[in-house]
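Results of the structural survey
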Amino acid sequence: MTAVLPTTSDSLQRGWLTDLEDEAIHIIREVFGQFERPVLLFSGGKDSIVMAHLAMKAFWPSRLPFPLMHVDTGHNFAEVIEYRDRKAAEWGARLVVASVQEAIDSGRVTEHEGQTRNPLQTIPLLDAITSNKFDAVLGGARRDEEKARAKERVFSVRDDFGQWDPRNQRPELWDLYNGRHRTGEHVRIFPLSNWTELDIWAYIEREGIEVPSIYYAHQREVVDRDGMLLAITEFTPPREGETVRRQSVRYRTVGDATCTGAVASTASTLADIVRETAASTISERGATRADDRASEAAMEDRKRQGYF
Amino acid sequence: MPSGLLRVVTAGSVDDGKSTLVGRLLHDAKVVLADQMSAVEAASERRGYQGADLALLVDGLRAEREQGITIDVAYRYFATARRTFILADTPGHVQYTRNMVTGASTADVAVILVDARSGVLDQTKRHLAVASLLRVSEIVLAVNKMDLIGYDEAIFDGIVTDFAAAASTLGVDHFTPIPVAALVGDNIVSRSTSMAWYEGPALLEFLETVEPHEGPSLPARFPVQVVIRPRTPTHPDYRGYAGRVEAGVLRRGDKVQILPSGRVSAVAGIDTPDGELDEAATGRSVTVRLEDELDVSRGDVIIVEGQPAPIVTRELNATLCWLTDRPLRASDRYQLRHATRDVRAVVDQVESKLDISTLTPIDADELTLNDIGAVRIRLAEPVVVDPYDVNRSTGAFLLVDESSGATVAAGLVR
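Interface extent is often summarised as the accessible area lost during association of the parts. All names here are of chain A. Once the domains are mapped, chain A shows domain 1 (11-200 + 296-304) and domain 2 (212-293). Computed over C-alpha atoms, the centres of domain 1 and domain 2 are 23 Å apart. Secondary structure elements with two or more residues in the side of domain 1 that touches domain 2: α3 (78-91), α6 (197-207) and α9 (298-304). No other element matches α3, which puts 3 residues into the side of domain 1 that touches domain 2. Looking at the side of domain 1 that touches domain 2 residue by residue, the class counts come to 6 nonpolar, 7 polar and 6 charged.

In structure tokens form, the structure reads like this:
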């Protein structure tokens, strides 16, 4: 649920952002303290950018002690991939790329004509976790994004098959996080659980964090598809009967280009984006993610199978 | 002006209409977004319901929607012009204590729901006992479904009297009763016109204005999470202790003691990436440098000399909320997780457990799922604790099953 707050200069929210930052840093340090081989999921999207920023703050003046991992569908926005590679190099972090394209080429997963590659990320993700022996996987998911995510723990155990069992989760009490797990299991860690979309943008603004250019309003060729503005790219050509037009848009989420819609916007600064987010009457996923519209339980089903 | 953030836990038995109440609160506070509302309307129509079932805003799992029940704790985030809220919605069946304890462990306010037609049940008393035990500072008794009893004041008063009796047995000195009808929205966001006899606030009004009781200022407690040693050209000799101030305030220059070793030093600096701080208050995640080179590691606790000292002990008298199917018996072994320290533990003796209908302790030699009981625990290494009644964060611990890793108990130091 996106909070409706007047402005970021609101003193209440300033205090609240610091509370959120302190909580996330505490969680990230617990991961370092409790696990042998953590990895931080980094897609170049705003949530994972905030995660990486917090992780660097948590260990300052030491360097980021975790490698980064991206599950690349092969259909990502070029601006985001450029950002991802540049930042990983700047931070001196090892970047593990789990490729959906390679998984398709080797026959590990099968692509279905006309369907998004988003669900196909699960197998390369789990394969990379297993082959790198990662025991903790830090992700930027937030409970306000979606109803199944609202039931997710901060430390969330995945079995040998990477599966999430929402009916059998560990109780999570006080700020005592239990990362104990059996060999073969791993734990997903969500330090941004208590953040909302608005908090993310207000924090990016407060900290002056660089984000990929597609988050800002820009001119782009789009079509109306399934009630979303879909960008015309090499992976998403216009379909018959669709009218391509050029207009000012920006992205609220940056996932796979085939299922991530843009929103009409003229927000060209972080302050504009914060204002626009606060005033929005449509949720982030509702506005921009075709994959979550498939059914009421689309996210739950993907999560059960091991998705982010 | 109340402080920024309020953490609220809602608890009720099955069919008390808790998801409906939460959905109604979100809907009437106008924090439900257009697409979320149309998804709920579409889902309600598919199920053949009259109008939108607001409970569907909250019940996120397939099984929940199929069975019309809430299975797991769900967290909701919303803000009004006056305050930001984190709402933990805890379901009331099977693992009720486990869910309630989870939500209550961090809550400032507990909203306990009762169906006006059934009144105070054992389940209600259990929720009250958990809220009281975990020291949730404000308790609301929300008597729901008032519309189904004709908004009868006498029935409401009777329920409040029963609840007050249970509260006084548990030593709860105050609570706030509110008559509501979540399905139609009476006294949720605005005051109801159907209950002229009720003069108190609507639920949201109460939540927006309540000031959770601030405990007395506590002595400083800083459990070390991570030792920061960059060994880089810019910071060749840097050694800092990263952690969160769990209680009190830590200041530069403070004379400190490291526990359990008992070595002493002083705070040379409090670092953050945004610059040095003169002091760090409760809740701040910082990195502390000490004047002396000491062997300090994860699990140690930094305290300030001259302030009331914690207890350093290998034996705990504790209250446990038992959260798993396999019963606890004397001589069972577990891993105990307290602050940033893990130690092996053996339960020496189960002393008693709480009888929920009378709310008094009775003799027991085991604890089963949902039981709350008193035990004695022996530890392989010392821990640095305070009584839970004094300090919610250094008085709390978990018991963890060594083989499965499951969290089996919430523990409170007595």
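On to the pairing of strand β2 (residues 68-72) of chain A, then. Residues and elements named next belong to chain A. Of all the 5 residues making up β2, 5 are buried; the element is thus mostly covered by neighbouring parts of the structure. By the alternation rule, side chains of β2 split into L68, H70 and D72 and M69 and V71, which are all buried. In this sheet, β2 lies alongside strand β1 (residues 38-41) in parallel orientation, the contact comprising 2 bridges. What sits directly across from L41, in β2, is M69. Regarding the hand of the β-α-β motif, the stretch spanning β1, helix α2 (residues 46-59) and β2 is right-handed. Running through α3, the crossover from β2 to the neighbouring parallel element strand β3 (residues 95-99) is right-handed.

Moving on: the sheet that holds β1 of chain A. All names here are of chain A. Taken together, 6 strands build an open sheet; the order of strands is β3-β2-β1-β4-β6-β5 and the sheet is mixed. Each edge of the open sheet carries a strand with a single partner, namely β3 and β5 (155-158). Strand-to-strand twist in this sheet, taken as the mean axis angle between neighbours without regard to direction, amounts to 30°. Across 4 bridges, β5 lies against strand β6 (residues 186-189) in antiparallel orientation. Along β6, the bridge assignment pairs V157 with V187. Sitting on the sheet, helix α5 (residues 122-131) is in contact with β2, β3, β4 (136-138) and β6, with an inclination near 135° to β3.

All names here are of chain B. Mapped onto the elements of the fold, D115 is located in strand β4 (residues 109-115). Classification of D115 by C-beta neighbours within 10 Å gives buried; the count is 20. For the pair formed by D115 and V346, sequence separation is 231 residues and the distance between their alpha carbons is 41 Å. The residues contacting D115, other than those within four sequence positions of it, are D15, D16, N144 and K145.

What follows deals with the nonpolar core. Soluble globular proteins: nonpolar side chains tend toward being buried together. If you look at the biggest cluster of nonpolar residues, it comprises 201 residues, and the most contacted ones within it are L40 and I189 of chain A together with A104, A110, I112, A142 and V180 of chain B. In this structure I112 of chain B touches A11, G12, T124, H127, L128, A131, I139, V140, L141 and A142 of chain B, once residues within four positions along its chain are discounted.

The next point concerns the packing of α2 of chain A against α6 of chain A. All names here are of chain A. Running from N to C, α2 and α6 point in directions that differ by 50°, and their axes come no closer than 10 Å. Classified by the angle between their axes, α2 and α6 sit oblique to one another. The two elements α2 and α6 cross, and the hand of that crossing is left-handed. Listed contacts from α6 to K46, D47, V50 and H53 of α2 are I200, Y203, I204 and E207. Taken together, the residues that form the contact of α2 with α6 break down as 4 nonpolar, 1 polar and 3 charged.

Turning our attention to the domain arrangement of chain B. Residue and element names in this part refer to chain B. Entries for chain B in the domain assignment read domain 1 (5-209), domain 2 (221-304) and domain 3 (311-413). Taken over C-alpha atoms, the centre of domain 2 sits 29 Å from the centre of domain 3. Listed by partner, the interface residues are 12 residues for domain 2 and 9 residues for domain 3. No other element matches the 4 residues that strand β7 (residues 221-228) contributes to the side of domain 2 that touches domain 3. Classifying every residue of the side of domain 2 that touches domain 3 gives 6 nonpolar, 3 polar and 3 charged.

All right, on to α3 of chain A then. One turn of the α-helix equals 3.6 residues, which is why residues spaced by three or four share an orientation. All names here are of chain A. Its 14 residues place the ends of α3 20 Å apart at the C-alpha level, agreeing with the 20 Å of an ideal helix rising 1.5 Å per residue. Those residues of α3 not exposed but buried are V80, Y83, R84 and A88. Looking down the long axis of α3, one finds its buried residues gathered within 125° of arc, a one-sided arrangement. Away from the buried face of α3 by more than 90 degrees, exposed residues A78, R86, A89 and E90 are located. Residues of α3 that are buried in the fold lie against β2 and β3. Directly beyond the C-terminal end of α3, a positive phi value near 65° is found at G92.

Next up on the list: the confidence of the model for chain B. Detail in the predicted coordinates should be disregarded across regions flagged by low pLDDT. The pLDDT averaged across chain B works out to 90; a share of 94% of its residues lies at or above 70. As scored by the predictor, the complex reaches a pTM of 0.91 and an ipTM of 0.91.

A few words now on the interface of chain B and chain A. Taken residue by residue, the interface counts 55 residues in chain B and 49 residues in chain A. Grouping the constituent residues of the side of chain B that touches chain A by class yields 29 nonpolar, 16 polar and 10 charged.

The rules behind these values
- Residues numbered from 1 in each chain as written.
- Chains lettered and ligands numbered in written order.
- Predicted model: local features only at pLDDT ≥ 70, side-chain atom pairs only at ≥ 80, totals over all residues.
- Domains from an automatic or database assignment.
- Helix = DSSP H or I, 4+ residues; strand = E, 2+ residues; numbered from the N terminus.
- Nonpolar A, V, L, I, M, F, W, Y, C, P; charged D, E, K, R; others polar.
- Buried ≥ 20, exposed ≤ 12 C-beta atoms within 10 Å, placed from the backbone.
- Pairing = 2+ DSSP bridges.
- Right-handed = clockwise from strand over helix to strand, strands pointing away.
- Axes fitted to C-alpha atoms, helices over the stretch in contact; angles between N-to-C directions.
- Contact = placed C-beta atoms within 7 Å.
- Core = buried A, V, L, I, M, F, W, Y, C linked by C-beta atoms within 7 Å.
- Parallel < 35°, antiparallel > 145°, perpendicular 65-115°, else oblique.
- Left-handed = near helix turned anticlockwise from the far one by under 90°.
- Expected span 1.5 Å × (residues − 1).
- Arc of directions from axis to C-beta.
- pLDDT = per-residue confidence, 0-100.

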